[in-house]
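Chains, contacts and geometry: an overview
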Amino acid sequence: MMHLISLKNIYSKQLPNMPKEYIVRLLLHYSHKSVVLLKRNGTVMGGITYRAFTPQGFGEIAFCAIASSEQVKGYGTRLMNYTKEYAVTMDHLSHFLTYADNNAVGYFTKQGFTKEITLDKA
Ligand code: ACO
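In this text the structure is predicted, and so the values were computed from the model without any measurement. (Residues numbered from 1 in each chain as written. Predicted model: local features only at pLDDT ≥ 70, side-chain atom pairs only at ≥ 80, totals over all residues. Heavy atoms only, no water.)

**Quick look at the site of the ligand**
- Surveying the vicinity of the ligand reveals 25 residues, the closest of which are C64, V72, G74, T77 and N103.
- A distance of 2.6 Å is found between an oxygen atom of the ligand and a side-chain nitrogen or oxygen belonging to T77.
- Between the ligand and the protein, one listed contact pairs a nitrogen atom with a backbone N or O atom of N103 at 2.6 Å.
- When residues of the shell around the ligand are traced back to their parent elements, those giving at least two are β3 (58-66), α3 (75-90) and α4 (105-110).
- Among the elements that line the shell around the ligand, the one with the most residues is β3, at 5 residues.
- Its residues assigned to classes, the shell around the ligand shows 13 nonpolar, 9 polar and 3 charged. (Near = heavy atom within 4 Å. Polar contact = N/O pair within 3.5 Å; in protein donor to acceptor, adjacent residues only side chain to side chain. Helix = DSSP H or I, 4+ residues; strand = E, 2+ residues; numbered from the N terminus. Nonpolar A, V, L, I, M, F, W, Y, C, P; charged D, E, K, R; others polar.)

Structure follows, in structure tokens:
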């Protein structure tokens, strides 16, 4: 729970247009899961929060952020790779969808995301 609250603080700093109440509501909701990236000393550096739609085989990434002092060091890529691995093995998902900030489109593109949704519409 403490890690989730630390992650909430990183999200609200890094995603200033998102209301704090909205972040907390999704982050602490049982339908959402969060992968938290920790330093060796236990400090939370960032995370990804997603909702798994298991019957449909996809997950929706709601939030993704790395603390400002740790950005552009490869941690965001590492975090995404762990999240993909977890979602494939534990939730049996094959795809992630997200509604990314314009300034994060470059990051998501490098993680293999495309602007056109290639999933079957149904
Ligand atoms: N625009 C373009 N390219 C980027 C950006 C960006 N904003 N951020 C990182 N990249 C690039 C890096 O240069 C790197 O490229 P390379 O592999 O060619 O060297 C690659 O993406 C991976 O970079 P990492 O170091 O692994 O990413 P980082 O640890 O910085 O994490 C993140 C990326 C999560 C976007 C971080 O910068 C962040 O927290 N930003 C602020 C919050 C934010 O915008 N979050 C996403 C909002 S959308 C959503 O939450 C659904």
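**Topic: the pairing of strand β2 (residues 44-53)**
- The buried fraction of β2 amounts to 7 of the 10 residues, a majority that puts the element mostly inside the structure.
- Sheet analysis places strand β1 (residues 32-38) next to β2, joined by 7 bridges and oriented antiparallel. Its bridge partner lying in β2, K33 is registered against Y50.
- Counted along the chain from β1 to the antiparallel partner β2, the turn is 5 residues long, and its residue G42 has a positive phi close to 95°. (Buried < 20%, exposed > 50% of the residue type's maximum accessible area, 1.4 Å probe, protein only. Pairing = 2+ DSSP bridges.)

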